[in-house]
Amino acid sequence: MASRVCRSASRSAKSLLSASKGSCFYSEWRAIGATTAVSFTRKLPFFASNYGKADSGSGHGAWLSGALALPAAVYMLQDQEVHAAELERTFIAIKPDGVQRGLVAEIISRFERKGFKLVGIKVLIPSKEFAQKHYHDLKDRPFFNGLCEFLSSGPVVAMVWEGQGVISYGRKLIGATDPQKSEPGTIRGDLAVVVGRNIIHGSDGPQTAKDEINLWFKPEELVNYTGNSEKWIYGVN
């Protein structure tokens, strides 16, 4: 009976996770689950030896275990499902000036040291037509033609990085478009001087990241894997 109740609790927990992801209740259930999981683990021997025996035949012991197991299951399933749900991907490109200046390793190391994971990389010289597709949202700006000519003037290192908050924090790592306005410690703040040679591009939002990744990479050029360091980056205490 108890095992059936726990299995039912597990199924209910999965449904709860599916329904509550993205809602204001999700973080609350996560906290409740964590607290109850610890409490349930500590008190289980007591309930098994006392409450369950006292009410044997009534099913109350199993009911209580199931009631406790529901938020506990939510917490345990969180480790398996929430981590994957929160990961996102962004497109990062080291422009011809960054490549020619030998800054590829420096830039990659900054993303790696932060804890982001490289899931796609290639070196290519984009055609001007391809550059126009990349900068399509700037086609009405007076600098559009020069921008496209520059991007297609030499090798570009195109990358896809994965991690929690990688889109917004990737922009912080890069710094402001104008290196003169970028904070020290950012890539542009430390390594660039003028806007026309700001060495790197990064997606500015989820939809842009999706569009740019699809433009620069085929699905089979991206990999899915679990890094050995992820448990040290995303661990929950």
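Residues numbered from 1 in each chain as written. Predicted model: local features only at pLDDT ≥ 70, side-chain atom pairs only at ≥ 80, totals over all residues. Heavy atoms only, no water.

A. How the structure looks around the pairing of strand β1 (residues 87-94). In this sheet, strand β3 (residues 156-164) lies alongside β1 in antiparallel orientation, the contact comprising eight bridges. Looking at the pairing, I94 lines up with V157 of β3. (Pairing = 2+ DSSP bridges. Helix = DSSP H or I, 4+ residues; strand = E, 2+ residues; numbered from the N terminus.)

B. Quick look at the nonpolar core. One finds I107, F111, W161 and I200 to be the most contacted residues of the largest nonpolar core, which totals 19 residues. Broken down by secondary-structure element, the contributors of at least two residues to this core are β1, α5 (104-114), β3, α8 (166-174) and α9 (187-191). The element contributing the most residues to this core is α8, with four residues. Residues Y135, L138, C148 and L151 belong to the second largest nonpolar core, which totals 17 residues. (Core = buried A, V, L, I, M, F, W, Y, C linked by side-chain atoms within 4.5 Å. Buried < 20%, exposed > 50% of the residue type's maximum accessible area, 1.4 Å probe, protein only.)

C. Inspection of the packing of α5 against α8 at higher detail. Where α5 meets α8, the closest approach of the two axes is 11 Å, and the angle between their N-to-C directions is 135°. As the angle between them shows, α5 and α8 are arranged oblique. In this structure, α5 meets α8 at a crossing whose hand is right-handed. Counted together, R110, F111 and K114 of α5 and Y169, G170, L173 and I174 of α8 form the full contact between these two elements. Looking at the contact of α5 with α8, its residues break down into four nonpolar, one polar and two charged. (Axes fitted to C-alpha atoms, helices over the stretch in contact; angles between N-to-C directions. Parallel < 35°, antiparallel > 145°, perpendicular 65-115°, else oblique. Left-handed = near helix turned anticlockwise from the far one by under 90°. Contact = heavy atoms within 4.5 Å. Nonpolar A, V, L, I, M, F, W, Y, C, P; charged D, E, K, R; others polar.)

D. Spotlight on the packing of aromatic side chains. Tallied over the entire structure, the rule returns four aromatic pairs. Where F111 meets W161, the ring centres are 5.2 Å apart and the plane angle is 25°; that geometry is what we call stacked. Placement of the pair is F111 in helix α5 and W161 in strand β3, with a sequence separation of 50 residues. For F111, a relative accessible area of 0% corresponds to the buried category. Taking relative accessible area as the criterion, W161 reaches 0% and is therefore assigned buried. Plain terms: the ring middles of F130 and W216 are 4.7 Å apart, the flat faces sit at 85° to each other, and that makes the pair edge-to-face. Taken together, the residues F130 in helix α6 (residues 128-134) and W216 in helix α10 (residues 206-216) connect sequence positions 86 residues apart. The ring of Y169 has K114 sitting right over it, with the charged end atom 3.9 Å from the ring centre. Over the ring of F217 we find K122; its NZ or CZ atom is 4.8 Å from the centre of that ring. (Phe/Tyr/Trp six-rings, centres within 6.5 Å; stacked < 30°, edge-to-face > 60°. Lys NZ or Arg CZ within 6 Å of the ring centre and 35° of its normal.)

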